[in-house]
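Chain by chain, the residues:
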Amino acid sequence: MENILHLTNDGSHTIYSKITEENYHSDNGAISESNHVFIKNGLAGINKTEISILEIGFGTGLNAFLSMLYAFENNLNITYTSIEKYPLKLDLVEKLNYAQMLNADKNLFLSLHNSDWEKTVSINKAFKICKINADLENYLYNADFNADLVFFDAFSPKKQPELWTENIFKRIYEIMNDDSVFCTYSSAGIVKQNLRNAGFRVKRLPGPKGKFHILNAFKA
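This report concerns the structure included in the present document. (Residues numbered from 1 in each chain as written. Predicted model: local features only at pLDDT ≥ 70, side-chain atom pairs only at ≥ 80, totals over all residues. Heavy atoms only, no water.)

## So, the sheet that holds strand β2 (residues 13–17)
Here is step 1: Across the sheet, which stays open at both edges, the 3 strands sit in the order β1-β2-β3 with antiparallel pairing between neighbours. The open sheet is flanked by β1 (4–7) and β3 (22–23), the only strands paired with a single partner.
Here is step 2: Looking at chain direction, β2 and β3 are connected through 2 bridges and run antiparallel. From the neighbouring strand, Tyr16 faces β3, where its bridge partner is Asn23. (Pairing = 2+ DSSP bridges. Helix = DSSP H or I, 4+ residues; strand = E, 2+ residues; numbered from the N terminus.)

Below is the structure:
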């Protein structure tokens, strides 16, 4: 089943997944949504220069690209680990317009997708990435690192309920550093409850265009 590329309201691309019957990013704006949820209300609040990020759902690579650009602009060193069970085909990735929209080097964006899986690759002096092609639960229970920031960007709880469980969140809590932050676009009641049951302190924040709220969760 082929995925379908289309434009969102801010002019940037998203992809419709025929497997989950859901977009990778909001139709109200792919770049604007990711910037709001994961950069403005995530990375920008981490008061460190050496930052470890865990992402659930590499997808289009947009969150990684935005994080890399933010690292350049703010003299940060980021190690970025991303888990993705179903990597996109490169011929589709090459059509994404994120570099053009962000006035950035497209080769940098493509380097994120072209980098080897299952190993840590230095894209440049500011950004290292390790992409893991694995089932989330299996990976988490063998993970051996600590995250300062978590981008939880799986498909929605309605489409992938098995990824938004209390047990998954508990394991993520265990591998997060103290004073770290968990960010997600979903503010569904079951997500809030499962995060709280896992030990997080949950805060609801204003969402991007077309969405009332998003969530941050904190490990005290």
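Having seen the structure, we can now continue with the description.
## A few points about the packing of helix α2 (residues 62–73) against helix α5 (residues 106–114)
Here is step 1: The N-to-C vectors of α2 and α5 enclose an angle of 125°; their axes lie 10 Å apart at closest approach. The angle between α2 and α5 falls in the class oblique. In the crossing of α2 with α5, the sense of the turn from one axis to the other is right-handed. Residues Ala64, Phe65, Met68 and Phe72 of α2 form the contact with α5, whose own contacting residues are Leu108, Phe109 and Leu112.
Here is step 2: Classifying every residue of the contact of α2 with α5 gives 7 nonpolar, no polar and no charged. (Axes fitted to C-alpha atoms, helices over the stretch in contact; angles between N-to-C directions. Parallel < 35°, antiparallel > 145°, perpendicular 65-115°, else oblique. Left-handed = near helix turned anticlockwise from the far one by under 90°. Contact = heavy atoms within 4.5 Å. Nonpolar A, V, L, I, M, F, W, Y, C, P; charged D, E, K, R; others polar.)

## Looking at the nonpolar core
Here is step 1: Within the largest apolar cluster, 74 residues are counted, with the highest numbers of intra-cluster contacts made by Phe152, Phe169 and Phe182.
Here is step 2: Per element, the largest residue contribution to this core is 8 residues, and it comes from α2.
Here is step 3: Those residues in contact with Phe169, other than ones at most four positions away along the chain, are Phe152, Leu163, Trp164, Phe182, Val191, Asn194, Leu195, Ala198 and Phe200. (Core = buried A, V, L, I, M, F, W, Y, C linked by side-chain atoms within 4.5 Å. Buried < 20%, exposed > 50% of the residue type's maximum accessible area, 1.4 Å probe, protein only.)

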